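Given next are the chains, with one letter for each unit.
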Amino acid sequence: MKAEGNCPGLAVIIVGSDPASQVYVRNKCKDCTEIGIYSEEYALPEETSQEELCALVQKLNEDKKISGILVQLPLPKHLDEKAVINTINPKKDVDAFHPANVGKIMIGDYDFLPCTPAGVMELIKEAHVEVSGKKCVVVGRSNIVGKPQAMLLLHSNGTVTICHSKTKNLADECRSADILVAAVGKTKMITADMVKPGAVVIDVGMNHDENGKLCGDVDFEHVKDIASAITPVPGGVGPMTRAILMKNTVKAAIINK
Ligand code: NDP
């Protein structure tokens, strides 16, 4: 692509100094360098205004060097996340958060898939797990993970249940799953008694335990003996999310050529 003058380029915008977000942004730019994608990082101060942020996004929308734009979430409270995402050119929206891309995912006719749910599907595929006809349970219904995850499993012909904080009998729902995806954000909330023997368990959660160590939503040590396959944290869904972002950036360069 470089030889053809179409080097993929990713612009990552971060506002404020949230340490976790800073690590994510650094890793994204590192991944770009490693595989030869051009990247630009914009670290804006906490007090950045809505107008300043949207003006930067508009500028990047027009920039030929930039094929993908990513605004690291969450944004500081005074900024309107929805309005910022709506400003991104949908053809450069490598996170697939723009409503136009969300709608396209719904009807199964999309340019980009959101990185984390797409990474989960890639893991399932690489592990040769058949989704068609399987009972899939997704715990969590956020716009960036749970909902699109459920939609992708549905597109693969799974029979999908979405659970959330108001779900009654969560343990029973989880126990019915052939494929269980946990995307909640609560340390070890999926315990061994909530998992059907032989189930495939995918842990999206990124939490910190009492010792500050990175861990998922699943009690890995106890569930690993029951599940037929399970993703660890760290080293499971997180790196896949990063890989899909790179894939989306390359795709964006092709689309925007
Ligand atoms: P959100 O906080 O936006 O959503 C959490 C979801 O969990 C909500 O739908 C909530 O329900 C549900 N929930 C909360 N408590 C319970 C409960 N007791 N029982 C059942 N459901 C519950 O989180 P995200 O979707 O953004 O992220 C989820 C996790 O995944 C986090 O740990 C995050 O750090 C991680 N993550 C990891 C990524 C990766 O690359 N590996 C990428 C993105 C996120 P309700 O809607 O009713 O409030």
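Rules behind the numbers
Residues numbered from 1 in each chain as written. Predicted model: local features only at pLDDT ≥ 70, side-chain atom pairs only at ≥ 80, totals over all residues. Heavy atoms only, no water. Helix = DSSP H or I, 4+ residues; strand = E, 2+ residues; numbered from the N terminus. Buried < 20%, exposed > 50% of the residue type's maximum accessible area, 1.4 Å probe, protein only. Lys, Arg positive; Asp, Glu negative; His and termini not counted. Salt bridge = Lys/Arg side-chain N within 4 Å of Asp/Glu carboxyl O. Polar contact = N/O pair within 3.5 Å; in protein donor to acceptor, adjacent residues only side chain to side chain. Contact = heavy atoms within 4.5 Å. Pairing = 2+ DSSP bridges. Core = buried A, V, L, I, M, F, W, Y, C linked by side-chain atoms within 4.5 Å. Domains from an automatic or database assignment. Buried area = accessible area lost by both parts, 1.4 Å probe.

Here the focus is the side chain of Asp217. Within the element layout of this structure, Asp217 appears in the loop between strand S9 (214-215) and helix H8 (220-223). No salt bridge is formed by the buried Asp217; its nearest oppositely charged neighbour, Lys186, is found at 9.0 Å. In terms of polar contacts, Asp217 uses its side chain to reach the backbone amide nitrogen of Lys186, at 2.9 Å. Side chain to side chain, Asp217 and Asn207 meet in a polar contact 2.8 Å long. If we skip the residues at most four places from it in the chain, Asp217 touches Ala182, Ala183, Val184, Gly185, Lys186, Thr187, Lys188, Met189, Ile190, Asp203, Gly205 and Asn207.

Moving on, we get to the pairing of strand S3 (residues 68-71). Across the two faces of S3 the burial is the same, with Gly68 and Leu70 and Ile69 and Val71 all buried. Across four bridges, the pairing between strand S1 (residues 9-15) and S3 is parallel. By the bridge assignment, Ala11 is partnered in S3 with Ile69.

What follows covers the sheet that holds strand S5 (residues 159-163). Here we have five strands laid out as an open sheet, ordered S5-S4-S6-S7-S10, and parallel in their pairing. Looking at which strands have only one partner, the edges of the open sheet turn out to be S5 and strand S10 (229-230). Bridging between strand S7 (residues 200-203) and S10 involves two bridges; their strand directions are parallel. Within S10, the position partnered with Val201 by the bridge is Ile230.

Membership of the largest hydrophobic core comes to 38 residues, with the highest contact counts inside it found for Leu10, Ile124, Leu153, Ile179 and Val181. Mapped by element, the contributors of at least two residues to this core are S1, helix H1 (19-35), helix H5 (115-126), strand S4 (135-139), helix H6 (146-155), strand S6 (179-182), S7 and helix H9 (237-255). Cys54, Leu60, Leu79 and Ile88 belong to the second-largest nonpolar core, a separate cluster that totals 17 residues.

The next subject is unusual backbone geometry. A cis amide bond links Leu73 with the next residue in sequence, Pro74, at an omega value of 0°. Turning to its location among the elements, Pro74 is positioned in the loop between S3 and helix H3 (81-87). At the junction of Val233 and Pro234, the peptide bond is cis and its omega measures out at 0° in the coordinates. Position of Pro234 among the secondary structure elements: in the loop between S10 and H9. Of note, Lys188 is a non-glycine position whose phi angle comes to about 50°, a positive value. Position of Lys188 among the secondary structure elements: in the loop between S6 and S7. Judged by relative accessible area, which is 43%, Lys188 ranks as partly exposed.

What follows concerns the domain arrangement of the chain. Looking at the chain, the domain boundaries give domain 1 (9-106 + 239-255) and domain 2 (115-237). Here domain 1 and domain 2 have C-alpha centroids that lie 26 Å from each other. Between domain 1 and domain 2, the residue contacts involve 13 residues of the former and 14 residues of the latter. Between domain 1 and domain 2 lies a buried interface of about 1100 Å² when both sides are counted; carbon and sulfur atoms form 70% of it.

Enumeration over the complete set of coordinates arrives at ten salt bridges. With a shortest N-O distance of 2.8 Å, Arg242 and Asp31 are connected by a salt bridge. Here Arg242, found in helix H9, pairs with Asp31, found in helix H1; they are 211 residues apart in sequence, far enough to count as distant. Among the salt bridges present, the one from Asp63 reaches Lys65, with a minimum N-O distance of 3.6 Å. For Asp63, a relative accessible area of 16% corresponds to the buried category. Within this structure, Glu122, Lys125 and Lys247 form a network of salt bridges that share partners.

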